[in-house]
Amino acid sequence: MRALLERMTRFLDGGEASHNVVPPAGFTATLTLFTAGAMGFLAVFALALSLATDRLANRWASELARTATVRISAPLGQVEAQTQAALRVLETTPGVASARAFDLEEQKALLAPWFGPDLPIETLPIPQLIEVLEDEEGYDAEGLSLRLRAEAPGAVLDDHTRWRRPLVKAAERLRMLGLISIALITAATGAMITLAANSALAANAQIIGVLRLVGARDIFIARAFVRRFTIRAFVGAAIGTLFATTAIAFLPRTDAAGGFLTGLGFQGFHWLYPMLVPVLSSLVAYSATRYSALRVLKGLT
């Protein structure tokens, strides 16, 4: 660890002579800072999107996996009898933790967003709903469905599988999209820094020639460019990360407004993840500039 820290210190210092090889300001400096800052800003949001969709997929899977609904569609005179028969079946089914029938007020609340609060539900042939919660062991859905139909012909078991799978799949694909976005942002950062490094090397071709005449080795010249661009990329990405993290911190919370977009952000130790963005940006800049410098210097021989 100590050797690594000493190596990093030497890399960041590099001596006064190496600092003067690359101009401290100019078009390439501005381009590198802006590119790293913009990419760091976008990377933080892509990371927040990926983590938010991961939480969303886990929540959908956990909330829907342990619940089921029994829907009883029968003539008005038979609804109560079939409801009681279904409840008796559910109470004696291994794997079912609890089961309860919704009352009229609860069913009216479920329909209110579509039909309004004044829906006369007691006069309409609305199916009776029974909420089923399973325990950790779970139950045999196919066997329970057959038992329910035998005791209550109008009962239909819905274990939410057809709803859960598409939702979880959509969330997983959105999470993958966030990871792909981070990869593309990283690649774009490397490409832009490579172009900026090539431009800086070409603009300083005469200075490089003079340095060679006085005995400077190519590795010394390359390290000077690599050091300068790495520091610029780190500073730019740190600024972009700071702005993005601040913007995410001021987004509405899920408990205040509800919905997926208001839950976009970091939770717990995930707030430490944006700190990796400047480090990743500097590593990309180091690799891209080192490759460009060695390739261009070899061509100038």
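The structure displayed is predicted, hence computed values, not measured ones.

The rules behind the values
Positions within a chain are numbered from 1, following the residues in the order the chain's sequence is written. The predicted nature of this model means local features are confined to residues of pLDDT at least 70 and side-chain atom pairs, given and counted, to a pLDDT of 80 or more, with totals for whole chains, interfaces and linings taken over all residues. Calculation of side-chain values draws on the structure's entire complement of heavy atoms; hydrogens and water are dropped beforehand. To qualify as a helix, a DSSP run of H or I must reach at least 4 residues; to qualify as a strand, a run of E must reach at least 2; elements of each kind are numbered from the N terminus. The cut-offs for exposure are 20% and 50% of the maximum accessible area for each residue type, with area from a 1.4 Å probe on protein chains only; residues under the lower value are buried, those over the upper are exposed, and the others partly exposed. Only heavy atoms matter for contacts: two residues are in contact if any of them lie within 4.5 Å across the pair. Under the convention used here, a 1.4 Å probe and the Shrake-Rupley method define accessible areas, while residue burial counts only the protein chains that appear. Any Lys or Arg side-chain nitrogen located within 4 Å of an Asp or Glu carboxyl oxygen qualifies as a salt bridge. One bridge is not enough; two strands pair if DSSP finds at least two bridges between them. Like charges within 9 Å and nonpolar side chains (Val, Leu, Ile, Met, Phe, Trp, Tyr) within 5 Å are joined into patches, using only residues over 30% in relative accessible area that form no salt bridge. Classification of ring pairs rests on two measures: the distance between centres of Phe, Tyr or Trp rings, Trp counted by its six-membered ring, which must be within 6.5 Å, and the angle between planes, read as stacked under 30 degrees, edge-to-face over 60 and tilted in between. A ring has a charge above it when a Lys NZ or an Arg CZ is no more than 6 Å from the ring centre and no more than 35 degrees off the ring normal. A cavity here means a set of points on a 1 Å grid, drawn over the protein atoms and nothing else, where a 1.4 Å probe fits but cannot get out; a pocket is an open set with protein on both sides within 12 Å along at least five of seven lines, and a residue lines either one if it has an atom within 4 Å of a point. Grid points are joined across faces, edges and corners, and a volume is the space filled by probe spheres set on the points. Angles run from 0 to 180 degrees between N-to-C directions of axes, and those axes are lines fitted to C-alpha atoms, restricted for helices to the stretch in contact.

### Details of the overall build of the protein
Part 1: A tally of regular secondary structure across the protein gives 11 helices and 4 strands.
Part 2: The proportion of buried residues among the 301 residues of the protein is 39%.
Part 3: When contacts within the protein are restricted to residue pairs at least 6 apart in sequence, those whose partners lie at least 24 apart make up 83%.
Part 4: When the accessible surface of the protein is summed, it comes to about 17,700 Å², and 65% of that surface belongs to carbon and sulfur atoms.

### Details of the pattern of salt bridges
Part 1: Using the criterion set out here, one finds 1 salt bridge in the structure.
Part 2: Across the salt bridge formed by Arg100 and Glu131, the nearest N and O atoms sit 3.3 Å from each other. Of this pair, Arg100 sits in strand β2 (residues 96–101) while Glu131 sits in strand β3 (residues 128–134), and the two are 31 residues apart along the sequence.
Part 3: For Glu131, a relative accessible area of 26% corresponds to the partly exposed category.

### Notes on the pairing of strand β1 (residues 67–72)
Part 1: Bridging between β1 and β3 involves 6 bridges; their strand directions are antiparallel. Looking at the pairing, Arg71 lines up with Leu129 of β3.
Part 2: Where β1 lies against strand β4 (residues 155–158), 4 bridges are found, and the strand directions are antiparallel. The residue bridging Thr69 from the neighbouring strand is Asp158, located in β4.

### Some remarks on a nonpolar patch on the surface
Part 1: The grouping of Leu33, Phe41, Leu42, Ile231, Phe234, Val235, Ile239, Phe243, Val279 and Leu283 at the surface amounts to a nonpolar patch, some 850 Å² of accessible area in total.
Part 2: Put simply, the parts of the chain that give the nonpolar patch at least two residues each are α3 (27–65), α9 (218–249) and α11 (276–299).
Part 3: In terms of residue count, the dominant contributor to the nonpolar patch is α9 (5 residues).
Part 4: On the secondary structure map, Val279 appears in helix α11.
Part 5: For Val279, a relative accessible area of 39% gives the class partly exposed.

### A word on the packing of aromatic side chains
Part 1: Within the structure shown, the criterion is met by 2 aromatic pairs.
Part 2: Ring geometry for Phe41 versus Phe45: centroids 5.1 Å apart, planes at 45°, classification tilted. With Phe41 and Phe45 both in helix α3, this residue pair falls 4 residues apart, about one helical turn.
Part 3: For Phe41, a relative accessible area of 31% translates into the label partly exposed.
Part 4: Judged by its relative accessible area of 25%, Phe45 falls in the partly exposed class.
Part 5: Between Phe269 and Tyr273, the aromatic rings sit 5.9 Å apart at their centres with planes inclined by 80°, giving edge-to-face as the arrangement.
Part 6: Of the residues examined, Phe269 reaches a relative accessible area of 54% and is grouped as exposed.
Part 7: The side chain of Arg232 reaches across the aromatic face of Phe229, ending 5.2 Å from its centre.

### What about the layout of surface pockets?
Part 1: The calculated volume of the second largest pocket comes to roughly 440 Å³.
Part 2: Forming the walls of the second largest pocket are 13 residues, and the residues nearest its centre are Phe102, Leu110, Leu111, Trp114 and Leu129.
Part 3: Looking at the lining of the second largest pocket, the elements with two or more residues in it are β1, α5 (104–115) and β3.
Part 4: In terms of residue count, the dominant contributor to the lining of the second largest pocket is α5 (4 residues).

### What about the side chain of Thr32?
Part 1: Secondary-structure assignment places Thr32 in helix α3.
Part 2: When near neighbours in sequence (up to four residues on either side) are disregarded, Thr32 contacts Ile193, Ala196, Phe229, Arg232 and Ala233.

### Notes on the sheet that holds β3
Strand pairing in a sheet relies on backbone hydrogen bonds. The paired strands run either parallel or antiparallel.
Part 1: Strands sit in the order β2-β3-β1-β4 across an open sheet of 4 strands; the sheet is antiparallel. Two strands in the sheet have a free side with no partner beyond their single neighbour: β2 and β4. Across the sheet, the axes of successive neighbouring strands diverge by a mean angle of 20°, strand direction being ignored.
Part 2: In this fold helix α4 (residues 76–91) packs onto β1, β2, β3 and β4, with an angle of close to 5° to the strand it touches most, β3.
Part 3: Of the strands in this sheet, β1 and β4 touch helix α6 (residues 141–151), which is tilted by about 165° from β4.

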